[in-house]
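Architecture at a glance
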Amino acid sequence: MLIHGFPSKISELFLYVDEDGHNLIRIGGIDIFYGKEHENQYPASHMVDVPEIIHTDYDVVDINDNYLVLLDGAGVEHNNTSVPNNTIGDNIRRLFDDGKGVVIIIRAGCGIEAVIAAHEKV
């Protein structure tokens, strides 16, 4: 769901009644792209926004100037994704340098894309 405009995975949900007798829901969540915690409260009768999140697998064909050259399932090449500066990026480089096939998973939604996992192609 969206908490303060950030797509988040719900980590806590708490229903309570305020001093005026209104039912409120406090929702806490972790941003699915950046890992930051967000919290907000809503009247129990209100609707919340739920974004469409897509996970896509890509084969890593090459690494050029810190950008991944990717091939999707339809055989279309993509080259606008940078190598992440974290352990996932280190894993991609290590597997690729060892000459192994690398598959990455990209999570996309709300105009944001992020590499969330990488593993050796089976």
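See the structure above.
Read on for an overview of the structure. Fair warning: this is a prediction, and the values are worked out from it, not measured in the lab. (Residues numbered from 1 in each chain as written. Predicted model: local features only at pLDDT ≥ 70, side-chain atom pairs only at ≥ 80, totals over all residues. Heavy atoms only, no water.)

Some remarks on the pairing of strand S9 (residues 112-120)
Two faces belong to every sheet, and in a regular strand the side chains alternate between them. For strand S8 (residues 102-109) and S9, the ladder comprises 8 bridges, and the chain directions are antiparallel. Pairing of Ala-108 across the sheet is with Glu-113, part of S9. If you look at the hairpin formed by S8 and S9, you'll find 2 residues sitting between the two strands, and Cys-110 has a positive phi there, around 55 degrees. (Pairing = 2+ DSSP bridges. Helix = DSSP H or I, 4+ residues; strand = E, 2+ residues; numbered from the N terminus.)

As for the packing of aromatic side chains
For any pair of aromatic rings, the description consists of the separation of the ring centres together with the inter-plane angle of the planes. For the coordinates displayed, the defined rule picks out 1 aromatic pair. When the centroid spacing of 5.7 Å and the interplanar angle of 25 degrees are considered together, the rings of Phe-14 and Tyr-16 count as stacked. Looking at Tyr-16, the relative accessible area reads 23%, which means it is partly exposed. (Phe/Tyr/Trp six-rings, centres within 6.5 Å; stacked < 30°, edge-to-face > 60°. Buried < 20%, exposed > 50% of the residue type's maximum accessible area, 1.4 Å probe, protein only.)

Concerning the side chain of Arg-107
Tracing the backbone shows Arg-107 in strand S8. For the buried residue Arg-107, which engages in no salt bridge, the nearest side chain bearing the opposite charge is Asp-31, 7.4 Å off. Of the polar contacts made by the side chain of Arg-107, one reaches the backbone oxygen of Ile-32; its length is 2.8 Å. (Lys, Arg positive; Asp, Glu negative; His and termini not counted. Salt bridge = Lys/Arg side-chain N within 4 Å of Asp/Glu carboxyl O. Polar contact = N/O pair within 3.5 Å; in protein donor to acceptor, adjacent residues only side chain to side chain.)

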